[in-house]
Structures are given as C-alpha cells and as structure tokens.
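# Close look at the chain arrangement
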Amino acid sequence: MAIPARCQPIADQLQNDKDLLADLQTELSGETSARDKLRTLRLIRSVRSNVLTLQKALNNCINPPPQLPDLIPVAVMPNRRTDGVHPAVVVFNNGLGPATGPFKITFGTEYVSSYHQDPPLYADVVFDINVPASQNFPPGVNTSVDTNVAFPF
C-alpha cells in the first residue's frame, strides 16, 4: 500500500518504533538479571504503547474519518401567506462537513394562541420539516429551510 506524503513522517516513526521493539524483545531474551529484565520489559511496554498510538495515527492519516455536520437552529422567520404563517427555520452548520438532504428536522415551538384570558392561553406546535435532496448546508453558513406547515393565526 502506498503511503501519502503527508503521512510518511508518521510511517517512518512507526517503523523506527517497530524496529526498536524487535531489538528490545531480542535483548530481553538475552537478559540474565531480574533487574535488567524488568527494565527491558518496561521499555517494551512503553514502545508497544507508542506503536499502537502511531498505528492509529497512521490509519487516520491514510483514511481520515468523515467530517461531520453539526446543525444548530438559530432563527425562525415568519413567511406570511394567505393560508397562514409558514415558518422558515434558519439552520447554522457548526460542523466541519456539509449536510445534504434528504432528512427531517423536527420543529417545535410554543406560542400565545389567545390573549382573551389571564394568563394567556399557550399552544404547542411540533412538526417535521422534510429537507429535500436539493438542500445543502455548507459548513459555517446559515441556511434557510422553508416549511409547508401553516400556523393557525
């Protein structure tokens, strides 16, 4: 397997640590005193830990994990139409990767439905917003998502 140039320093250090580990294991088999064996075993344990860490780093360098989106609702914009108010939700992508539909966003809010009593009457609205496949949420950008749900004002 070819190693990308950006990963080569990690691969070189990994190979050096593997070589050192092999040398230490050979040295351990030739040790005669318990004190020397214990010292060599401690070194082997330390180098093995480094080898595992470097192997994970190399794997992540060669095959980096996907950069994920992190969608955060930041605002609701009322779009007034003849059949009521259709809210649009503004979503900020705080992640490193883009998000592309189709998926659902569950929207919930509470609003005053009547001021004709004291205290006012509140109503809850919860519905799913179907994000179409054509909708894209780039990282670091606010994106508006329109709904087809009318608030009954």
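Heads up: these notes are all about the structure in this document. (Residues numbered from 1 in each chain as written. Predicted model: local features only at pLDDT ≥ 70, side-chain atom pairs only at ≥ 80, totals over all residues. Heavy atoms only, no water.)

### Comments concerning the overall build of the protein
Which entries qualify depends on this criterion: The helix and strand labels rest on DSSP assignments: H or I over at least four residues marks a helix, E over at least two residues marks a strand, and numbering proceeds from the N terminus. For the radius of gyration, the atoms used are the C-alpha atoms, and the globule rule reads 2.2 Å times the number of residues raised to 0.38. Classification of residues uses two cut-offs on accessible area relative to the type maximum, computed with a 1.4 Å probe and protein chains only: under 20% is buried, over 50% is exposed, and between them is partly exposed. Only the protein chains shown count as cover for residues, and all accessible areas are computed by the Shrake-Rupley method using a 1.4 Å probe. A residue counts as positive if it is Lys or Arg and as negative if it is Asp or Glu; His and the chain ends are not included. Charged side chains are reduced to one point each, which is NZ for Lys, CZ for Arg, CG for Asp and CD for Glu.
When its secondary structure is counted, the protein shows 2 helices and 7 strands. The N-to-C order of helical and strand elements in the protein reads α-α-β-β-β-β-β-β-β. Against the globule reference of 15 Å for 153 residues, the protein gives a C-alpha radius of gyration of 30 Å, more extended than a compact globule. Expressed as a percentage of the 153 residues in the protein, the buried residues total 28%. For the protein, the accessible surface area stands at approximately 10400 Å², while carbon and sulfur atoms represent 55% of it. Each charge class in the protein can be summarised by its mean position, and for the 12 positive and 14 negative side chains these summaries are 11 Å apart.

### Focus: the nonpolar core
Test applied: Think of a nonpolar core as a cluster: buried Ala, Val, Leu, Ile, Met, Phe, Trp, Tyr and Cys residues, connected wherever their side-chain atoms sit within 4.5 Å. We call two residues in contact whenever any of their non-hydrogen atoms come within 4.5 Å of each other.
The biggest cluster of nonpolar side chains holds 13 residues, and the ones touching the most others in it are Ile105, Ile129, Phe137 and Val145. With 5 residues, strand β5 (residues 121-131) is the single largest residue contributor to this core. Excluding its chain neighbours within four sequence positions, the residues that come into contact with Phe137 are Leu71, Val91, Asn93, Pro98, Ala99, Phe103, Val131, Thr143 and Val145.

### With respect to the sheet that holds strand β1 (residues 71-81)
Note the cut-off: One requirement defines pairing of two strands: DSSP has to find at least two bridges between them. Angles shown run from 0 to 180 degrees and are taken between the N-to-C directions of axes, each axis being a line fitted to C-alpha atoms and, for helices, limited to the stretch in contact.
Spatially, β1-β2-β7 is the arrangement adopted by the 3 strands of the open sheet, whose pairing is antiparallel. Of all the strands in the sheet, just β1 and β7 (142-146) have a single pairing partner and so form its edges. On average, each strand axis in the sheet is inclined to that of its neighbour by 25 degrees, with strand direction left out of account. As paired elements, strand β2 (residues 84-93) and β7 share 5 bridges and run antiparallel to each other. When the bridges of β7 are listed, Phe92 appears paired with Asn142.

### Overview of the pattern of salt bridges
For the record, the criterion: In what follows, salt bridge is the name for a side-chain nitrogen of Lys or Arg lying within 4 Å of a carboxyl oxygen of Asp or Glu.
Here the structure, examined in full by the defined rule, presents 2 salt bridges. The shortest N-O distance in the salt bridge between Arg39 and Glu27 comes to 3.1 Å. Separated by 12 residues along the polypeptide, Arg39 in helix α2 (residues 34-62) and Glu27 in helix α1 (residues 8-30) bring together distant segments of the chain. Overall, Arg39 belongs to the partly exposed group, its relative accessible area being 41%. One salt-bridge network, in which partners are shared between bridges, spans Glu27, Glu31 and Arg39.

### Observations regarding the packing of α1 against α2
The condition is simple: To sort the angles, those under 35 degrees are grouped as roughly parallel, those over 145 as roughly antiparallel, those from 65 to 115 as roughly perpendicular, and the leftovers as oblique. Two helices cross in a left-handed way if the nearer one is turned anticlockwise from the farther one by less than a right angle. They cross in a right-handed way if the turn is clockwise.
With their axes 9 Å apart at the nearest point, α1 and α2 run at an angle of 155 degrees to one another. Considered as vectors, α1 and α2 are oriented roughly antiparallel to each other. Between α1 and α2 the crossing geometry is left-handed.

Coordinates in, geometry out; function isn't part of it.
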